[in-house]
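Chain residues, written in single-letter form:
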Amino acid sequence: MLKYISLLLITAIALVSCSKLVPPEPAPEEVLAGTVPGLTQAQEKEHLVGDAFFGKVFGTADGLGPVFVQTTCSNCHVGNGKGHPSTMVTRFGNNQGSAFDYLNNKGGAQLQPRAIAGYVPEYLPSEANVITRRLAPIVMGLGYIAALSDQSILANADSADLNGDGISGRPCYVDPSSFFIPQSFHIPNNGKYIGRFGKKAEKVTLLDQVVFALKQDIGITSDFDPQDIFNPLSGNFTGDQVADPEVSSYVVNSLVFYMRTLKAPERRNAEDPDVKEGEKLFGQIGCESCHKPDHVTAVSDIEALSNKTFHPFSDFLLHDMGPALDDGYPEGGAASNEWRTPALWGLGLAETTQGGKMFLLHDGRATGIEQALSFHGGESQNARNAFFTLSETQRKQVIKFLMSL
Amino acid sequence: MKKTLLYFVYSLLPTAYCLLPTSSYSQQDSSSSSQNAIYNRPFISLGKTNTAVGGYLEGNTNYFSEDGVTEGFSMELRRFNIFLYSRIHERIKFISELEFEHGTEEIALETALLDFEFHPAFNLRAGILLPQIGLVNANHDSPKWDFVERPISSTAIIPTTLSEVGVGFHGKFFSNAGTVAYDVYLMNGLQDGIILNEEGRTHLASGKNPEMFGEDNNGVPMFNARLAFSNSKLGEIGLSWYGGVYNSFRLDGVEVDAKRKLSLTAFDLSTAIRKLKIQGELAFVKIQVPEGLEELYGTNQYGAFLELGHPILKKKMLGFEDAQLSVHLRAEKADFNQGTFVFDGSKIGDEVSALSFGLSWRPLAGSVIRANYRYHWIYDFFGNPPAHLGGIQVGIATYF
């Protein structure tokens, strides 16, 4: 009798006391999640609300589509990190030499290749003579980028290459959305504002990007843009029998808040001697001219984002990257050969969200860092050449440094 | 971690010590036949009248963590089910089951059916019934199982508990070699939500819809059949099928979409080697989805589980004459999308594997106190390094 009472007791105690039997939390620098330091409890809570919407899968009953690319933010921005090539978005247009037609009446500019049941998905029309693909970027640390002043972005610009280093980063001026409310640090230029989000810097704010993503990527209308997206070839106002707007401003604002408050990726092995050496070389060979390490935010309405130094390794400016990366697709204020320098933070964790491999550059064409560099041309030609003249050990050190980001 | 594991193993040692010769295991498991399961409940034999009321209750405590993220410790009253049985005539029986899940969060009439026995080999069944798919769906009462959770293949692949409005026949043929049991039913069937749902994957359970008890969504019934063979040596093996057109291709008589079919095939096994009880299920889904959605909503899925149970002590305990303590192990896997990526032909992830082990103590055959440890490896769609979910559940379930 005592035997099995004690057996049951011991087992029960073992079960209850073994919180260690449950999977441990990975170290914060190993994951692409978590909030910027210094948020209030109320802000932490708001972040979690946004997190849930970011992971929400939209179904037919929620107003998905009628045409769409994916069903949730997190299918593309996998674990807040870089996306997988299978979820790339496709944009298309017709280049007529002197003019560029985004083929809006044929389903352009962005292709929605999927549709809800009984509806016709979009396909590439025969007129599309330019097709470009975009891999989803990491969405960590965006709050810091959003909190930069226009002035600090302009401080790095050198449109006419006055310093003669071959690099002429220029700000991308775009028309703001109808719901854009400028903050004190936004500086208008003939009614246009500096775009800082998107691969060609065509979005001024995170709000613009989120409203766009909901509609163009998932087919979800919101208070900010209540008009559903239809396949124009199958007829407007047909297909998705869910009342618009399909999500309220609450959902949109929570998503924006989530984007603003995801922390910047933390570094790993930053003190490793090879990493330190690589970092030095990264500066010496001119990578830093575009991939600028240090920035300081302006005063922000989120205290934890005010006057903060952060290290994205980008200047948020457009650069001519040469013919190999020219996608033939002008967008917003950017020419077809121009790309906004991407932040390099989180690069070392790319494989953890891209299916165990690495897919770099705007369309994931490079499966490693060296390959990504082999495509660097135009303004980055000199830095690229300098990289490939480094010794093998030095190249490894640069790569090791990049993998520590 | 190592230390805790050691401690856990140590805690099982007294169990080993207790491995004394015990009497036969047979009476413990009376649940093996899926077909009879609804009548194989203690309350039915208790009553002296033609009508009996019974039910079961299941409550659990859970502590889970996914990669260090935990909601902490929580308790739930998962199920409170009431059965009403009536023997209208020696060969006409009525049985129903009303389920309250998580308090009154979900209330469902899981069963309400009539069985007319024309002959043991030929019974008419009509009403809200449990389709015979695999091992668990028609035999899912919590007190019969030794793990708190149902197997993944039985919930995320086979959508247990699936109950349907349907009509059909069932019966048994007896021979010296064993018993053959068959079930065939027509039913309204699962609906559109199988795809384009909030799960973001092909998920049969999302095709349930309260309206399916009122009318069919497309006017084409689904079909279910199971063929089982059992004898005292082999135990029972079953082969079952469920399927048909699932989408609303017709509205008000107007064709608005192409017809799309679903097919769910399952093999199940329930047997014993000496005192080792073995149960398992293997289920395959094949489904047609709209063009362009094949990658996102897999057209092929499978799931399987294998569960082993062994008594370690069977004797009078705490005044219960036939009490039994047993250990259990379950391995399971589900692949929600067996497809490949269009872009490079590599395999899509979207899989989960799990291992569980546990102890269960049954003071009576129909009452169980069980504790189990469960560990999941969860692979996302892209095959990234898996998320790990682990946790402990302690629960109680009993017929009344």
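Details of the structure are given in the entry above.
A brief look at the structure comes next. (Residues numbered from 1 in each chain as written. Chains lettered and ligands numbered in written order. Predicted model: local features only at pLDDT ≥ 70, side-chain atom pairs only at ≥ 80, totals over all residues. Heavy atoms only, no water.)

Helix and strand counts for chain A come out as eleven helices and eleven strands. Taking the principal axes of the C-alpha coordinates as reference, chain A spans close to 95 × 60 × 40 Å. Expressed as a percentage of the 405 residues in chain A, the buried residues total 55%. For chain A, the proportion of contacts with a sequence separation of at least 24, taken over those separated by at least 6, is 68%. Distance between charge centres in chain A, computed from 32 positive and 45 negative side chains, equals 5 Å. (Helix = DSSP H or I, 4+ residues; strand = E, 2+ residues; numbered from the N terminus. Buried < 20%, exposed > 50% of the residue type's maximum accessible area, 1.4 Å probe, protein only. Contact = heavy atoms within 4.5 Å. Lys, Arg positive; Asp, Glu negative; His and termini not counted. Charge placed at Lys NZ, Arg CZ, Asp CG, Glu CD.)

Right, let's get into the environment of Pro232 of chain A. Residues and elements named next belong to chain A. Inspection of the secondary structure puts Pro232 in the loop between helix 6 (206-218) and helix 7 (249-261). Under the relative-accessibility criterion, Pro232 is labelled partly exposed at 28%. Between the C-alpha atoms of Pro232 and Asp62, which are 170 residues apart in sequence, the distance is 21 Å. The contact partners of Pro232, leaving out residues within four places of it in the chain, are Asn104, Asn105, Lys106, Gly107 and Glu122.

Residues and elements named next belong to chain A. Read from one edge of the open sheet, three strands run 3-2-5, paired in antiparallel fashion. Of all the strands in the sheet, just strand 3 (100-101) and strand 5 (130-134) have a single pairing partner and so form its edges. Sheet topology note: the strand 2 (residues 89-95)/strand 3 ladder contains two bridges and is antiparallel. Considered in strand 3, the bridge of Asn94 is made with Asp101. (Pairing = 2+ DSSP bridges.)

On to the side chain of Ser263 of chain B, then. Residues and elements named next belong to chain B. Take Ser263: it is sitting in strand 12 (residues 261-273). Within the structure, the side chain of Ser263 is placed 2.9 Å from the side chain of Trp241, a separation counted as a polar contact. Among all residues touching Ser263, those that are not within four sequence positions of it are Trp241, Tyr242, Gly243, Phe284, Val285 and Lys286. (Polar contact = N/O pair within 3.5 Å; in protein donor to acceptor, adjacent residues only side chain to side chain.)

What follows deals with the pattern of salt bridges. All told, the structure shown has 43 salt bridges over all chains when counted by the stated rule. Close ionic contact of Asp327 of chain A with Arg134 of chain A constitutes a salt bridge, the shortest N to O distance being 3.4 Å. Residue Asp327 of chain A is located in the loop between strand 10 (318-320) and strand 11 (338-340), and its partner Arg134 of chain A is located in strand 5; the two are separated by 193 residues in the primary sequence. Residue classification places Asp327 of chain A among the buried residues on the basis of a relative accessible area of 12%. Residue Arg134 of chain A is classed as buried on the basis of its relative accessible area of 5%. Between Arg78 of chain B and Glu76 of chain B there is a salt bridge, with its nearest N and O atoms 2.6 Å apart. For the pair Arg78 of chain B and Glu76 of chain B, one class covers both residues: buried. One network of salt bridges, with partners in common, ties together Arg91, Arg134, Lys200, Glu202, Asp327 and Glu331 of chain A. (Salt bridge = Lys/Arg side-chain N within 4 Å of Asp/Glu carboxyl O.)

Next up on the list: helix 8 (residues 273-284) of chain A. Residue and element names in this part refer to chain A. Helix length check: helix 8 (twelve residues) gives 17 Å between terminal C-alpha atoms against 16 Å at 1.5 Å per residue, within 8%. Taken as a whole, helix 8 has its buried residues at Val275, Gly278, Leu281 and Phe282. The buried residues of helix 8 occupy an angular sector of 120 degrees when the element is viewed end-on, so they sit on one face. Exposed and facing more than 90 degrees away from the buried side of helix 8 are Pro273 and Gln284. Elements in contact with the buried residues of helix 8: helix 11 (392-403). (Expected span 1.5 Å × (residues − 1). Arc of directions from axis to C-beta.)

Another point: a nonpolar patch on the surface. All names here are of chain B. Residues Leu57, Leu77 and Phe400 make up a contiguous nonpolar surface patch of roughly 250 Å² in combined accessible area. Within the element layout of this structure, Leu57 appears in strand 1 (residues 51-66). Note on Leu57: relative accessible area 33%, which makes it partly exposed. (Patch = residues over 30% accessible without salt bridge, like charges linked within 9 Å, V, L, I, M, F, W, Y side chains within 5 Å. Areas by Shrake-Rupley, 256 points an atom, 1.4 Å probe, with all protein chains shown as cover.)

Bringing helix 6 of chain A into the picture now. All names here are of chain A. Look at helix 6: 17 Å from first C-alpha to last across 13 residues, which is about the 18 Å you get at 1.5 Å a residue. Of all 13 residues in helix 6, eleven are buried, a share of seventy percent or more. Those residues of helix 6 that fall on the buried side of the exposure criterion are Leu206, Leu207, Asp208, Val210, Val211, Ala213, Leu214, Lys215, Gln216, Asp217 and Ile218. Buried-residue contacts for helix 6 involve strand 1 (67-68), helix 3 (73-76), strand 2, helix 4 (142-146) and helix 7. After helix 6 finishes, the residue Gly219 shows a positive phi value of roughly 75 degrees.

This part takes up the pairing of strand 5 of chain A. Residues in a regular strand project their side chains so that they alternate between the two faces of the sheet. Residues and elements named next belong to chain A. Residues Val130, Thr132 and Arg134 of strand 5 are buried on one face, while the alternating residues Ile131 and Arg133, pointing to the opposite face, are not. Alignment of strand 2 against strand 5, held across five bridges, turns out to be antiparallel. Its bridge partner lying in strand 5, Val89 is registered against Arg134.

Tallying each qualifying case throughout the model produces 35 aromatic pairs over all chains. Seen from their ring centres, Phe54 of chain A and Tyr258 of chain A are 5.3 Å apart, and the 45 degrees between their planes marks the pair as tilted. One end of the pair, Phe54 of chain A, is in helix 2 (residues 41-55); the other, Tyr258 of chain A, is in helix 7, with 204 residues separating them in the sequence. Overall, Tyr258 of chain A belongs to the buried group, its relative accessible area being 2%. Feature note: the residues Tyr39, Phe43, Tyr56, Phe83, Tyr85 and Tyr399 of chain B constitute an aromatic cluster, connected by ring pairs. It is Lys56 of chain A that lies over the ring of Phe58 of chain A; its NZ or CZ is 5.2 Å from the centre. Over the ring of Phe375 of chain A we find Arg365 of chain A; its NZ or CZ atom is 5.0 Å from the centre of that ring. (Phe/Tyr/Trp six-rings, centres within 6.5 Å; stacked < 30°, edge-to-face > 60°. Lys NZ or Arg CZ within 6 Å of the ring centre and 35° of its normal.)

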